[in-house]
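Per-entry structural report
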Amino acid sequence: MPQHHTADTEVVVIGGGQAGLAAGYHLRRAGLDFVILDADTAPGGAWQHTWDSLHLFSPAAYSSLPGRLMPPQPGETYPDAAHVVAYLTDYEQRYDLPVHRPVRVAGVHRDGARLRVETDSGTWRARAVISATGTWSRPFIPAIPCRHGFQGTQLHTVEYERPSDFAGRQVIVVGGGNSAAQIAADLAYDSDLTWVTLREPRYLADDIDGRALFDHATARRKALDEGRTDNGGVASLGDIVAVPPVRTARDTGLLKPQPLFTRLTATGVEWPDGTTADADAIIWCTGFRPALSHLAPLGLRGPRGHIPTAGTQALADPRLHLLGYGDWTGPASATLIGVGRPARDAALAIAELLH
Ligand code: FAD
């Protein structure tokens, strides 16, 4: 691909993770001309960057994109991240999806009847855009007093790789969600672990995994479609899926949550009553924000930093769809099995707009 070319197409999909691929599958079925632009050098989206021990919280058959079941991983009920990367790599080859890598989108601009997508390797002019850039590239760490006075190591979920990096060290893991619980369980055996949560951890029942979460999200979508009462989404069930390593560490008494500290010190953290704990490292498992800066030129951001949508479609510009990110673009749209339906809705809405 020449460096500074300009090309015209019907649809540009920004992001070639699972959401971008699901979009590609449905755009192809809708007969639309499209490209997928992905900033990574290899297939797999965020899954290629996660920590070594990460396993899905659903079995393979419940982690599939449209058209092709994820094959089971031999010996594992819950596949690992490498298995997901292999599945996504195969998926884009099998459907011959036109993914361009590495291409980072810098900005999407209005250009008459078209949207102009400017990247580090040229410009595409499209009649519609699907943004599917995920959240992995926007780690979030809350403001906390003296955060930069701590002299040890601070890292976010996105930088954590394996427990051996922290063996024998004092580590504080911050956060009450799945990433925090899984990383705390990873570190509980060989490190001196302190696990800090904003509120008492809310485990889902041990027999609930991603299958039940998906069923719950499906019921919610149906209720919303039919104008019935919102059941509150999957968050109403709890925050932490008790995947086997988390359950084992918890049941062995290795996961004892402490309340949130009030500030960092040079050597660790301090709680409101003056108690302190020293640490070599603090791992912030405090979540993500949607990666939307490339859409800033369109000026569509709403009050919570989200772009207001009806389903996937931006309210203020019907040529733009948002896919993945979170429940605000459709129930369970930021999961492997859940992204298929909103991807189809987006492709059909674009086909209707363009033809
Ligand atoms: P990503 O996988 O992040 O893909 C986005 C792509 O966009 C990337 O390839 C990136 O390079 C590209 N990109 C970003 N910015 C630009 C730009 N400006 N220009 C061009 N390209 C760009 N879901 C499940 O279904 N089951 C699970 O068990 C599960 N476990 C999870 C565990 C963790 C720790 C996390 C964080 C999430 C988990 N999820 C799970 C949720 C979700 O499935 C993943 O976050 C998934 O990676 C989201 O896919 P995506 O395609 O939306 O985003």
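Residues numbered from 1 in each chain as written. Predicted model: local features only at pLDDT ≥ 70, side-chain atom pairs only at ≥ 80, totals over all residues. Heavy atoms only, no water.

1. Regarding the domain arrangement of the protein chain
Domain boundaries assigned for the protein chain yield domain 1 (6–137 + 288–354) and domain 2 (147–203 + 239–284). Using only C-alpha atoms to locate each centre, domain 1 and domain 2 end up separated by 32 Å. Taken together, the contact pairs 10 residues of domain 1 with 13 residues of domain 2. Note on domain 1 versus domain 2: buried area summed over both sides is about 970 Å², and carbon and sulfur give 61% of it. Of all residues in domain 1, Trp51, Asp52 and Phe57 bury the most surface against domain 2, accounting for 56% of the area lost on that side. For the interface between domain 1 and domain 2, the tally reads 1 salt bridge. Among the salt bridges present, the one from arginine 162 reaches aspartate 52, with a minimum N-O distance of 2.6 Å. Counting every contact that joins domain 1 to domain 2 gives 3 residue pairs in polar contact (both at pLDDT 80 or more). (Domains from an automatic or database assignment. Contact = heavy atoms within 4.5 Å. Buried area = accessible area lost by both parts, 1.4 Å probe. Salt bridge = Lys/Arg side-chain N within 4 Å of Asp/Glu carboxyl O. Polar contact = N/O pair within 3.5 Å; in protein donor to acceptor, adjacent residues only side chain to side chain.)

2. Some details on the pairing of strand 5 (residues 114–119)
Where a strand is regular, its side chains alternate between the two sheet faces. Burial along strand 5 is one-sided: the face carrying Leu115, Val117 and Thr119 is buried and the face carrying Arg114, Arg116 and Glu118 is not. What sits between the antiparallel neighbours strand 4 (residues 105–111) and strand 5 is a turn of 2 residues, in which glycine 112 has the positive phi angle 65°. Strand direction decides the pairing type here: strand 5 and strand 6 (residues 122–131), joined by 5 bridges, are antiparallel. Note that in strand 6 the partner of leucine 115 across the bridge is alanine 126. (Buried < 20%, exposed > 50% of the residue type's maximum accessible area, 1.4 Å probe, protein only. Helix = DSSP H or I, 4+ residues; strand = E, 2+ residues; numbered from the N terminus. Pairing = 2+ DSSP bridges.)

3. Considering the packing of aromatic side chains
Applying the stated criterion across every chain yields a total of 10 aromatic pairs. An angle of 85° between the planes, with centres 5.1 Å apart, marks the rings of tyrosine 25 and tyrosine 95 as edge-to-face. Here the residue tyrosine 25 occupies a position in helix 1 (residues 18–29), and tyrosine 95 occupies one in the loop between helix 2 (81–94) and strand 3 (99–100), the gap between them amounting to 70 residues. Judged by relative accessible area, tyrosine 95 falls into the partly exposed class, the value being 22%. Every member of this aromatic cluster is reached through a ring pair, and the members are Tyr25, Tyr87, Tyr91 and Tyr95. If you follow arginine 289 out to its NZ or CZ, it ends over the ring of phenylalanine 140, 3.7 Å from the centre. (Phe/Tyr/Trp six-rings, centres within 6.5 Å; stacked < 30°, edge-to-face > 60°. Lys NZ or Arg CZ within 6 Å of the ring centre and 35° of its normal.)

4. Looking at the packing of helix 1 against helix 2
Contact geometry for helix 1 and helix 2: axes closest at 11 Å, N-to-C directions at 25°. Classified by the interaxial angle, the pair formed by helix 1 and helix 2 is roughly parallel. Viewed along their axes, helix 1 and helix 2 form a crossing whose handedness is left-handed. Of the residues in helix 2, those touching helix 1 at Gln18, Leu21 and Tyr25 are Leu88, Tyr91 and Glu92. (Axes fitted to C-alpha atoms, helices over the stretch in contact; angles between N-to-C directions. Parallel < 35°, antiparallel > 145°, perpendicular 65-115°, else oblique. Left-handed = near helix turned anticlockwise from the far one by under 90°.)

5. Quick notes on the pattern of salt bridges
Evaluation of the coordinates by the stated rule reveals 20 salt bridges. The shortest N-O distance in the salt bridge between arginine 127 and glutamate 10 comes to 3.9 Å. In this pair, arginine 127 is assigned in strand 6 and glutamate 10 in strand 1 (residues 6–14), connecting sequence segments 117 residues apart. Judged by its relative accessible area of 30%, arginine 127 falls in the partly exposed class. Here arginine 162 and glutamate 161 are joined by a salt bridge, their closest N and O atoms 3.9 Å apart. It is possible to trace a salt-bridge network through shared partners that takes in Asp52, Glu161, Arg162 and Asp165.

6. A short note on the sheet that holds strand 11 (residues 263–264)
A sheet is described by the order of its strands in space; here 3 strands give the open sequence 11-12-13, paired in antiparallel fashion. Every other strand in the sheet has two partners, leaving strand 11 and strand 13 (276–278) as the edge strands with one partner each.

7. Side note on helix 6 (residues 340–354)
Taking 1.5 Å of rise per residue, 15 residues should cover 21 Å, and helix 6 covers 21 Å from first to last C-alpha, within 8% of that figure. Taken together, the buried positions of helix 6 are Gly340, Pro342, Ala343, Ala346, Ala347, Ile350, Ala351 and Leu354. Against the buried residues of helix 6 lie strand 1, helix 1, strand 6 and strand 17 (320–322). (Expected span 1.5 Å × (residues − 1).)

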